[in-house]
Amino acid sequence: MRILVTGGAGYIGSHTVRGLVNRGHHVVVLDNLSKGHRVAVGETGFVQGDTSDRRQLQEIFQGYEIEAVMHFAASSLVGESVRHPSVYYYNNVVKGISLLDAMVESGVRFLVFSSTAAVYGEPQEIPIPEDHALV
């Protein structure tokens, strides 16, 4: 499968990329390198850019014939989000909508959306199961 990994130069994204490549998928990483590192991606296809750039997203979807997206390009620090809510809103919501719109326009139907464990609050059990109550 041809998969675009947004935020793929970050910690979780880069490990996901490595796993996908090891399983034979064709992976393209889109990352603005604000927190990620180009070296973490290795020889995988890489585009430095941002999910807010609709034209660039359309070029990636068409040029690489992307079939699915794994979305890791979001801010996730709870304390920081309280101090800078508008930054988090813009990065996580506005840019996320831009990505979704570009996917729809390009006919990309599959999305894996990564979230943070903070949605579970104080966990009642470790490891946290996916059906754990949300806060």
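Please refer to the structure higher up on the page.
Numbering of residues starts from 1 in every chain and runs along the sequence as written. At least 70 in pLDDT is required for a residue's local features to be given in this predicted model, at least 80 for side-chain atom pairs to be given and counted, and no such filter applies to totals for whole chains, interfaces and linings, which use all residues. Side-chain calculation: all heavy atoms of the structure are included, whereas hydrogens and water are not.

Looking at the pattern of salt bridges
We define a salt bridge as a contact between a side-chain nitrogen of Lys or Arg and a carboxyl oxygen of Asp or Glu at a distance within 4 Å. Scanning all chains against the criterion turns up five salt bridges. Close ionic contact of Glu67 with Arg2 constitutes a salt bridge, the shortest N to O distance being 3.8 Å. In this pair, Glu67 sits in the loop between helix H2 (54-63) and strand E4 (68-71) while Arg2 sits in strand E1 (residues 2-6), placing the two residues 65 residues apart along the sequence. For every residue, the accessible area obtained with a 1.4 Å probe (protein chains only) is divided by the maximum for its type, and the residue is called buried under 20%, exposed over 50%, and partly exposed between those limits. The class for Glu67 is partly exposed, based on a relative accessible area of 30%. We classify Arg2 as partly exposed; its relative accessible area is 29%. For helices the rule is a DSSP run of H or I covering at least 4 residues; for strands it is a run of E covering at least 2, with both sets numbered from the N terminus onward.

Focus on the sheet that holds E1
Here, any two strands with at least 2 DSSP bridges between them count as paired. With parallel pairing, five strands are arranged side by side in an open sheet as E3-E2-E1-E4-E5. With one partner strand each, in any of the chains shown, strand E3 (45-48) and strand E5 (110-113) form the two edges of the open sheet. For this sheet, the mean angle separating the axes of adjacent strands, direction not counted, is 20 degrees. One ladder, built from four bridges, connects strand E2 (residues 26-31) with E3; its direction is parallel. Along E3, the bridge assignment pairs Asp31 with Gln48. Between two residues, a contact is recorded if the distance between any of their heavy atoms is within 4.5 Å. Fitted lines through C-alpha atoms serve as axes, helices being fitted only where they are in contact, and the angles separating the N-to-C directions of these axes extend from 0 to 180 degrees. Contacts between H2 and the sheet are confined to E1, E2, E3 and E4, with E2 contributing the most and set at about 170 degrees to the helix.

Section: the packing of H2 against helix H4 (residues 85-106)
Interhelical geometry of H2 versus H4 gives an angle of 40 degrees and a closest axis separation of 9 Å. Between H2 and H4, the interaxial angle falls into the category oblique. Crossing of H2 against H4: the hand is right-handed. Each of Arg54, Leu57, Gln58 and Phe61 in H2 lies in contact with H4, whose residues at this interface are Ser98, Leu99, Asp101, Ala102, Met103, Glu105 and Ser106. Roughly parallel means an angle under 35 degrees; roughly antiparallel, over 145; roughly perpendicular, 65 to 115; everything else is oblique. By definition, turning the near helix anticlockwise from the far helix through less than a right angle yields a left-handed crossing, and turning it clockwise yields a right-handed one.

Some remarks on helix H1 (residues 11-22)
Under the convention used throughout, the expected extent of a helix is 1.5 Å for every residue step, that is, one less than its residue count. With twelve residues, H1 ought to run about 16 Å at 1.5 Å a step, and its terminal C-alpha atoms sit 17 Å apart, in line with that. By the burial criterion, the buried members of H1 are Gly13, Ser14, Thr16, Val17, Gly19 and Leu20. Where H1 is buried, its residues touch E1, E2 and E4. Remark: Gly24 follows H1 within two positions and exhibits a positive phi of approximately 90 degrees.

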